[in-house]
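A structural walkthrough
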Amino acid sequence: MTYQDILNNLSKSKFRSSFHLRKYMIDYINEKGYKKIKEHAYDFINKRLAPSSIQNDGKQTPMKGHPVFIAQHACACCCRGCLEKWYKIPKGRNLTKKEIDFIVNLIMLWIKKETSNN
């Protein structure tokens with residue numbers, strides 16, 4: 001399955017397709033640049049999603065504030081439960097580098113798609 005296939009599947013979900021970047025988020029992305037946003041994505045994923053045990057799993061990703069947080073919800077990469085449901089990535093173990101790269105690349109693709117639509 002390609003990234004585009006995944007984005008198409010996510011767009012069919014009423015909940016996932018309800019997420020969009022707000023103007024201030026797009027302005028922030030334009031100010032910081034995609035490279036810095038990608039660094040933020042890696043940082044958030046490594047700290048909030050990659051560990052095998054997350055104390056507040058299911059609630060660790062805010063629903064507002066940073067473009068990466070919105071993208072995580074839009075891409076079903078917000079908690080280990082969503083990763084398991086959508087991508088068959090099991091809970092209870094650390095994410096691999098390949099899985100982290102997959103998540104960050106998907107998030108960045110979604111962000112780039114959102115910013116090109118505005």
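Below is a summary of the structure that appears in this document.

The rules we used
Residues numbered from 1 in each chain as written. Predicted model: local features only at pLDDT ≥ 70, side-chain atom pairs only at ≥ 80, totals over all residues. Heavy atoms only, no water. Core = buried A, V, L, I, M, F, W, Y, C linked by side-chain atoms within 4.5 Å. Buried < 20%, exposed > 50% of the residue type's maximum accessible area, 1.4 Å probe, protein only. Helix = DSSP H or I, 4+ residues; strand = E, 2+ residues; numbered from the N terminus. Contact = heavy atoms within 4.5 Å. Axes fitted to C-alpha atoms, helices over the stretch in contact; angles between N-to-C directions. Parallel < 35°, antiparallel > 145°, perpendicular 65-115°, else oblique. Left-handed = near helix turned anticlockwise from the far one by under 90°. Phe/Tyr/Trp six-rings, centres within 6.5 Å; stacked < 30°, edge-to-face > 60°. Lys NZ or Arg CZ within 6 Å of the ring centre and 35° of its normal.

**Some details on the nonpolar core**
In this structure, Tyr 87, Leu 95, Ile 103, Trp 110 and Ile 111 are the most contacted members of the largest nonpolar core, which totals 38 residues. Mapped onto this core, the elements with two or more residues apiece are helix H1 (3-11), helix H2 (23-32), helix H3 (34-48), helix H4 (67-74), helix H5 (80-87) and helix H6 (97-116). If one sorts the elements of this core by residue count, H6 sits on top with nine residues. Among all residues touching Ile 111, those that are not within four sequence positions of it are Leu 21, Ile 29, Tyr 34, Ile 37, Pro 67, Val 68 and Ala 71.

**Focus: the packing of H3 against H6**
Pairs of packed helices are described in terms of their axes, by the angle between the two and the distance that separates them. Two elements in contact, H3 and H6, have axes whose closest approach is 10 Å; the angle formed by their N-to-C orientations is 140°. What the angle tells us is that H3 and H6 run oblique. Regarding H3 and H6, the two cross each other, and that crossing is right-handed. Each of Tyr 34, Ile 37, Lys 38, Ala 41, Tyr 42, Ile 45 and Asn 46 in H3 lies in contact with H6, whose residues at this interface are Ile 100, Asp 101, Ile 103, Val 104, Asn 105, Ile 107, Met 108, Ile 111, Lys 112 and Thr 115.

**Considering the packing of aromatic side chains**
In total, this model carries four aromatic pairs according to the counting rule given. An angle of 20° between the planes, with centres 5.6 Å apart, marks the rings of Tyr 3 and Phe 102 as stacked. Of this pair, Tyr 3 sits in helix H1 while Phe 102 sits in helix H6; the two residues are 99 residues apart in sequence, bridging distant segments of the chain. Overall, the relative accessible area of 30% leaves Tyr 3 in the partly exposed class. For Lys 112, the ring lying beneath its charged end belongs to Tyr 34, and the centroid distance is 5.2 Å.

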